[in-house]
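Below, each chain spelled out in residue letters.
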Amino acid sequence: MPNFTHKRKSVSRLMAPVALAVALAGCSTPNLYNNQVPLTDITAVAAQSSAAYLSKANTSDGAERTNWEIMAVKAMILENKWQQADQWIAKLSQQSMSPTQIAEWQLARAMVREHQGQPQAALNSLNFQPSWSLTKSQYQRYYMLRANLLEQLNHQFQAARERTKLDFYLDHSQKAANWQQVWHDLSGYTNAQLGSVKLTDNDSVLKGWVELAMLKNSATLPPMQLKQAIEQWLYRHPSHPANQYLPADLKALIEMKAVKLDNIALLLPLSGRFAAQGKAVRDGFINAMMDDKSRDTNNELNIYDTEAQSIPTIMAQLQQNGTQFVVGPLRKNVITAFQQDNTSHINMLALNMPPQISNNKPNACYFALSPEQEAQQAAERIYAQGHRNPTVLVPSNSYGQRVAQAFSQQWAQLDGQPALTVSFGNQAQIPQQIRSAFGRGAGSHADAIYMVASRNELMMLKPFIEAAMPPTGDPAQIYASSRSNPDSHNTNRELRGIEISDIPLLINPHSAYMERFNQLWPNQGNTSIRLHAFGMDAYAIAKQLPEMRANHHHSIQGETGQLAVNNQCVVQRQIDWGKFSSEGITPLSTTQMPATTISDMPDSIDLISGDTSAQ
């Protein structure tokens, strides 16, 4: 069996109603079996106190005395009398016991070892013999406990094997949760790992789950082909439990239907304070739609100005028109209003994040240009490049605090410690703030600095940081957010060597596309380009949203990044990285998108290069 490296933030466990269901033992088996027929059902839950059971043991002898002592140990565990239980387990190990008694003794002893923080010792010593004839309850607890301990030890594949054996001893009502856990245990492995597993003839059911997991991981298959492959597998294996207990993500694939954008609405602010942003998104969306050669020319697109009409008025028109899908709104408060008024449950791809994501709104997905996501990915990149003492340098306002918090939380997940945050104020305050932070302060030990600053702020901050840092040792590598990306690539010499994150269209632009863009929308800055790309990607996501929702491994390469959705249908966007050079920005390789990232999204419109509030 390969030694898989398998990391998981949390492992859901299938637990028995009684704590003894997770018991394992860890010492030698007693040497003799007592042939006396037990008079007490020691496989039952301890219903009396440990003192009551010990009192009965004092008036009994032989196998019955041992039975009462075992029940007393089980009661001690329920009473949290762990030390006393351990002492009695040691006494019992010197007695002759039957297989049924040994099994209960092992399970109880193992629970104590687990409580003592020794899951491996418990697992190593649990040893039910093939010759034993035990009850269904004992085998159930045996396999359940082994699976739980293996999950604690991050041996999820072995845990899945134990759960496959466990199924034989479960009631019908318990089977669904057990198979769901098997699927959960297998879901963290790659196809290369699953393909290297040695399976025997006794592993036929487990082999089926492995084959389904490998199908699910097949990123090379388009979602519709993946759906067909899973349907064909289920048809060929009618007796496999997956036919009755199909995991939710596979069920979503099976139920997936190709999207038809034949009646779609675009809800954007096209007048008022946010008109420029709304029009840039609109132009990008229409641009992508017109470039879609597979589009049905009879498809209908209706555009609504959310600043000129109320949401109830727009909703009435959507219902009258039979609108099937809405892209937008853009402003957070308008998204909330739309969701509250969406009694007909029109599917939507919101172009921002409301303050709260409701799990009871399955028809809603969310796509945003999030500075928090960008900061999280910066933390991942800095960690991957070997730095361990980063400092986050942000403006002293609510925007800076949010971005710094996102970076620090992600860093804490990677390194176990939060990152140091330094705030800067206006131009007059910067010199003293930088000297205090990077001179003799904790920032003087930084080996990487993540800066969330405008280009002018970056130009001002960098010399002060270099002057304040100790002259010994390697200089800290500076990383900058897209907020620092200037509208012109004629960068100053002072910026050379700084790594910067941004959308692919700005890090590695397509010359032909940008030439056409500049002809149609001349004199536009990077903020407009980002919003235009945002609109283009909104169209691409809308087209493939069912596939993306059904298979979280499925991603598309967009103009704002590599795009996938998580289990809350929040679009996760993998940005690009570049480095300032004499020729502008040179593209760099990027890290892979984490599969489990769920971002805390911004409270305002946050166009990455700025902080335009849109409450």
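Residues numbered from 1 in each chain as written. Predicted model: local features only at pLDDT ≥ 70, side-chain atom pairs only at ≥ 80, totals over all residues. Heavy atoms only, no water.

Structural notes on unusual backbone geometry
Rules: Counting from the N terminus, the helices are the DSSP runs of H or I reaching at least four residues and the strands are the DSSP runs of E reaching at least two. Using a 1.4 Å probe on the protein chains alone, a residue whose accessible area is under 20% of its type maximum counts as buried, one over 50% counts as exposed, and one in between counts as partly exposed.
Cis geometry marks the peptide bond from Gly328 to Pro329; its omega dihedral reads -5°. Structurally, Pro329 can be placed in the loop between strand 3 (325-327) and helix 15 (332-341). The phi dihedral of His345 is positive, around 60°, even though this residue is not glycine. As for its placement among the helices and strands, His345 is situated in the loop between helix 15 and strand 4 (347-350). For His345, a relative accessible area of 57% translates into the label exposed. With a phi angle near 60°, Asn523 is a residue other than glycine that sits in the positive phi range. Relative to the assigned elements, Asn523 resides in the loop between helix 21 (511-520) and helix 22 (526-550).

A word on the confidence of the model for the protein chain
Using the following cut-off: The predictor reports its confidence for every residue as pLDDT, a score running from 0 up to 100. When checking whether two residues touch, look at their non-hydrogen atoms; a contact exists if any pair is within 4.5 Å.
Here the protein chain averages 86 in pLDDT, while 87% of its residues score no lower than 70. Under a pLDDT of 50 for its full length, residues 1-38 has, in the predicted model, 119 contacts with residues more than four places off or in other chains. The low-confidence segment residues 592-615 (pLDDT under 50) makes 92 contacts with residues lying over four places distant or belonging to another chain.

Remarks on helix 1 (residues 50-58)
Heads up, the condition is: Within this analysis, the arc is defined by the directions that extend from the helix axis to the C-beta atoms.
Of all the residues in helix 1, the buried ones are Ser50, Tyr53, Leu54 and Ala57. Each buried residue of helix 1 lies within a common arc of 100° when the element is viewed along its axis, so the set occupies one face. For helix 1, the exposed residues lying more than 90 degrees away from the buried face are Ala51 and Asn58. Of the surrounding secondary structure, the elements contacted by the buried residues of helix 1 are helix 2 (62-78) and helix 3 (82-92).

Here's the deal with the nonpolar core
Selection criterion: Buried residues of nine kinds, namely Ala, Val, Leu, Ile, Met, Phe, Trp, Tyr and Cys, make up a nonpolar core once their side-chain atoms join them within 4.5 Å.
In this structure, Tyr53, Val73, Ile77 and Phe128 are the most contacted members of the largest nonpolar core, which totals 41 residues. Only helix 1, helix 2, helix 3, helix 4 (99-115) and helix 6 (136-152) provide two or more residues apiece to this core. For Tyr53, the residues in contact, after removing those within four places along its chain, are Ala46, Ala47, Gln48, Trp68, Met71, Ala72 and Ala75. One finds Met289, Phe325, Leu369 and Ala542 within the second-largest nonpolar core, a separate group that totals 40 residues.

Comments concerning the packing of aromatic side chains
Cut-off, in case you're wondering: A pair of Phe, Tyr and Trp rings is counted when the ring centres sit within 6.5 Å of each other, with Trp represented by its six-membered ring. The angle between the planes then sorts it: under 30 degrees is stacked, over 60 is edge-to-face, the rest tilted.
Enumeration according to the criterion identifies 19 aromatic pairs in this entry. Taking 5.8 Å as the distance between ring centres and 50° as the angle between the ring planes, the aromatic pair formed by Phe128 and Trp132 counts as tilted. With a relative accessible area of 9%, Phe128 lands in the buried category. Residue class for Trp132 comes out buried when judged on its relative accessible area of 6%.

Examining the pattern of salt bridges
Test applied: The rule for a salt bridge is simple: a side-chain nitrogen of Lys or Arg has to be within 4 Å of a carboxyl oxygen of Asp or Glu.
Within the structure shown, the criterion is met by 21 salt bridges. Taking the shortest distance from any N to any O, the salt bridge between Glu104 and Lys74 comes out at 3.2 Å. Placement of Glu104 in helix 4 and of Lys74 in helix 2 is noted, with a sequence separation of 30 residues between them. By sharing partners, the salt bridges in this structure join Lys74, Glu104 and Arg141 into a single network.

Description of the sheet that holds strand 1 (residues 263-268)
Definition in use: Strand pairing is assigned whenever DSSP identifies at least 2 bridges connecting the two strands. All axes are obtained by fitting lines to C-alpha atoms, using only the stretch in contact for helices, and the reported angles, taken between N-to-C directions, cover 0 to 180 degrees.
Strand order in this open sheet of five strands is 2-1-3-4-5, and the pairing throughout is parallel. Two strands in the sheet have a free side with no partner beyond their single neighbour: strand 2 (300-305) and strand 5 (364-366). Direction aside, neighbouring strands of the sheet carry axes that sit 20° apart on average. On the sheet, helix 13 (residues 275-291) packs against strand 1, strand 2 and strand 3 and is oriented at approximately 155° with respect to strand 1. Each of strand 3, strand 4 and strand 5 is contacted by helix 22, which is oriented at about 130° to strand 3, the strand it contacts most.

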